[in-house]
Amino acid sequence: MLMRYLITLLLICFSLTGCKKDEKPADGAGTGTGEAPAQVVLQLNWKPEPQFGGFYAIAEKGFDGQNGLVVEVSPGGAGTPTVQMVGAGRVDFAVVSGDELVIARHRGNDVVALFAVYQTNPQGLMTRADRGFKSIGDIFAAPGTVAMQKGLPYSNFLQKKYGFDKVQIVPSPFGDLSQYRTNPTYTMQCFVTSEPIAADKTGIKAQTFLIAESGYNPYTTVVVTRGEVLRKNPDLVKRVTRAIEQGWAAYLADPSSTNALMHKLNPTMDMETFASSAAAQRGLIVSDEESARNISPGVMMEERWQTLIDQLVDLKVIDKPISAKDCFVRYEGDTKPSTTHDVNR
């Protein structure tokens, strides 16, 4: 369940009383040309789960029709190359992680972030609570086994900061709890909104630590498009972003009906887990810091991108900095771009 490696203020003040799905778009919300709704595919990098709830709420609540769109959310799986799919033009919109985007842009792939779900990255490490660890650094200060994807940027960051001399690094189990149940000194990578819930059901209470606690906190569940799409059809991008904003506002206000929809698409996750995961992720999406600074939902900040770029240079993941401003478009309020990526070039 982990190839999702891959985020925002949400004081729910969006109006959810817009058009129903079978109604015509509101004035100014459609194409503006009398054309049929634009067909849009949003490619995910994992299966239908609460981390994507706001995307599935778009069609379920009728926000696509309200914005002159027909949005198809396409599920992914382990290894779905979403950033490459956007860059190659196979899809126009997809979900990636922030560091994937920086690496792709460094390699010449003109992908641009539009909306970041998680303000705090949900990637974490999970071990048994009875080990008594107080911080993420304790994991690497004690002998044991750590199962994670070695070589990814976050792993490189942890290795440089804490060292791996006292632990044995083994491949990620991708959600399999077999070793967690049988090995008392076992730690595994996780999404803190997912695996720990399943672990607690085994009767062995889990202790989780966010990777973000170490200082590495890229945006994730980031919706991207190509720079070409942004320049040639900025109105489409604006309408897609507006629908995403509305979908996430609706999902965070009440996830129950969208969870039921996703459960039908992914019956391997039971409804109790859907509800628990949706509740667990809320604090990572609705950031107190962003709330205090009155930042709009999904909006990304240039300084966060710059910090990530600097970290990836320091880790030698990329050999030189790229422009933080070109990594994203910042939309606020009525979804007007306010800074960054030059849509005219």
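So, how was this worked out
- Residues numbered from 1 in each chain as written.
- Predicted model: local features only at pLDDT ≥ 70, side-chain atom pairs only at ≥ 80, totals over all residues.
- Heavy atoms only, no water.
- Helix = DSSP H or I, 4+ residues; strand = E, 2+ residues; numbered from the N terminus.
- Areas by Shrake-Rupley, 256 points an atom, 1.4 Å probe, with all protein chains shown as cover.
- Phe/Tyr/Trp six-rings, centres within 6.5 Å; stacked < 30°, edge-to-face > 60°.
- Lys NZ or Arg CZ within 6 Å of the ring centre and 35° of its normal.
- Pairing = 2+ DSSP bridges.
- Axes fitted to C-alpha atoms, helices over the stretch in contact; angles between N-to-C directions.
- Buried < 20%, exposed > 50% of the residue type's maximum accessible area, 1.4 Å probe, protein only.
- Contact = heavy atoms within 4.5 Å.
- Salt bridge = Lys/Arg side-chain N within 4 Å of Asp/Glu carboxyl O.
- Core = buried A, V, L, I, M, F, W, Y, C linked by side-chain atoms within 4.5 Å.
- Arc of directions from axis to C-beta.
- Parallel < 35°, antiparallel > 145°, perpendicular 65-115°, else oblique.
- Left-handed = near helix turned anticlockwise from the far one by under 90°.
- Nonpolar A, V, L, I, M, F, W, Y, C, P; charged D, E, K, R; others polar.
- pLDDT = per-residue confidence, 0-100.
- Polar contact = N/O pair within 3.5 Å; in protein donor to acceptor, adjacent residues only side chain to side chain.

**Structural notes on the overall build of the protein chain**
Phase 1 of the analysis: Within the protein chain one finds 14 helices and 12 strands.
Phase 2 of the analysis: Within the structure as shown, the protein chain displays about 14,200 Å² of accessible surface, and the carbon and sulfur contribution to it stands at 51%.

**Some details on the packing of aromatic side chains**
Phase 1 of the analysis: Within the structure shown, the criterion is met by eight aromatic pairs.
Phase 2 of the analysis: These aromatic residues form a ring-pair network of at least three members: F52, F55, W248 and Y251.
Phase 3 of the analysis: Taking NZ or CZ as reference, R304 lies 4.1 Å from the ring centre of Y219, over its face.

**Some details on the sheet that holds strand 5 (residues 123-128)**
Phase 1 of the analysis: The mixed open sheet is built from five strands, whose spatial order is 7-6-8-5-9. Of all strands in the sheet, those with a lone pairing partner are strand 7 (167-170) and strand 9 (206-210), marking the two edges. Sheet twist, expressed as the average angle between the axes of neighbouring strands with direction ignored, equals 30°.

**Comments concerning the environment of V192**
Phase 1 of the analysis: Within the secondary structure, V192 sits in the loop between strand 8 (186-191) and helix 8 (195-201).
Phase 2 of the analysis: Given a relative accessible area of 17%, V192 falls into the buried group.
Phase 3 of the analysis: In this structure the C-alpha to C-alpha distance between V192 and Q123, which are 69 residues apart in sequence, comes to 6.4 Å.
Phase 4 of the analysis: Apart from residues lying up to four places away in sequence, V192 is in contact with P122, G124, T208, L210 and L284.

**A closer look at the pattern of salt bridges**
Pairing between side chains of opposite charge can happen when the charged atoms of each approach one another.
Phase 1 of the analysis: Tallied over the entire structure, the rule returns nine salt bridges.
Phase 2 of the analysis: E60 is paired through a salt bridge with K61; the nearest N and O atoms lie 3.9 Å apart.
Phase 3 of the analysis: Overall, the relative accessible area of 33% leaves K61 in the partly exposed class.
Phase 4 of the analysis: Among the salt bridges present, the one from R226 reaches E228, with a minimum N-O distance of 3.8 Å.

**Here's the deal with the sheet that holds strand 2 (residues 69-74)**
Phase 1 of the analysis: Read across the sheet, five strands follow the order 2-1-3-10-4 without closing on themselves; strand pairing throughout is mixed. The sheet terminates laterally at strand 2 and strand 4 (111-118), the two strands that pair on one side only. Averaged over all pairs of adjacent strands, the angle between strand axes in this sheet comes to 25°, irrespective of strand direction.
Phase 2 of the analysis: Strands in contact with helix 4 (residues 98-106) are strand 3 (93-96), strand 4 and strand 10 (220-226); relative to strand 4, the strand with the most contacts, it is inclined by about 170°.

**Notes on the nonpolar core**
Phase 1 of the analysis: If you look at the biggest cluster of nonpolar residues, it comprises 54 residues, and the most contacted ones within it are F55, F93, Y180 and W248.
Phase 2 of the analysis: Each residue touching Y180, except ones within four places of it in the same chain, is listed here: M126, T127, R128, Y186, M188, A199, T202, I204, K205 and A206.
Phase 3 of the analysis: Membership of the second largest hydrophobic core comes to 45 residues, among which are V96, F133, M301 and L312.

**Comments concerning helix 11 (residues 256-265)**
Phase 1 of the analysis: Considered for burial, the residues of helix 11 that qualify are T258, N259 and M262. Buried residues along helix 11 cover an arc of 100° about the axis, so they all sit on one side.
Phase 2 of the analysis: For helix 11, the secondary structure elements touched by its buried residues are helix 1 (53-60), helix 10 (234-253) and helix 12 (271-285).

**Section: the packing of helix 11 against helix 12**
Phase 1 of the analysis: Remark: helix 11 packs on helix 12, axes separated minimally by 10 Å, with the N-to-C direction vectors making an angle of 130°. Of the possible angle classes, the one that applies to helix 11 and helix 12 is oblique. Judged by the twist between their axes, the crossing of helix 11 over helix 12 is right-handed. Contacts between helix 11 and helix 12 pair S256, N259, A260, M262 and H263 from the former with M271, F274, A275 and A278 from the latter.
Phase 2 of the analysis: The class makeup of the residues in the contact of helix 11 with helix 12 is six nonpolar, three polar and no charged.

**As for the confidence of the model for the protein chain**
Phase 1 of the analysis: Mean pLDDT over the protein chain works out to 87, with 83% of the residues at or above the 70 mark.
Phase 2 of the analysis: Low pLDDT (under 50) marks residues 1-32, which in the prediction has 125 contacts with non-local residues, meaning those over four places away or in another chain.
Phase 3 of the analysis: Under a pLDDT of 50 for its full length, residues 333-339 has, in the predicted model, 16 contacts with residues more than four places off or in other chains.

**Side note on the side chain of R105**
Phase 1 of the analysis: If you trace the backbone, R105 turns up in helix 4.
Phase 2 of the analysis: For R105, the side chain forms a polar contact with the main-chain oxygen of V111, separated by 3.0 Å.

**Considerations on the packing of helix 10 against helix 12**
Phase 1 of the analysis: Packing of helix 10 against helix 12 brings their axes to within 11 Å, and their N-to-C directions diverge by 130°. Taken together, the axes of helix 10 and helix 12 lie oblique to each other. Both helix 10 and helix 12 take part in a crossing whose hand is left-handed. On helix 12, the residues that touch W248, Y251 and L252 of helix 10 are A278, Q281, R282 and I285.
Phase 2 of the analysis: Among the residues making up the contact of helix 10 with helix 12, the classes are represented as five nonpolar, one polar and one charged.

**Concerning unusual backbone geometry**
Phase 1 of the analysis: Its identity is not glycine, yet F174 carries a phi of approximately 50°, on the positive side.
Phase 2 of the analysis: Judged by its relative accessible area of 38%, F174 is partly exposed.
Phase 3 of the analysis: Although it is not a glycine, T221 adopts a positive phi angle of roughly 50°.
Phase 4 of the analysis: By relative accessible area, which is 1% here, T221 ends up buried.

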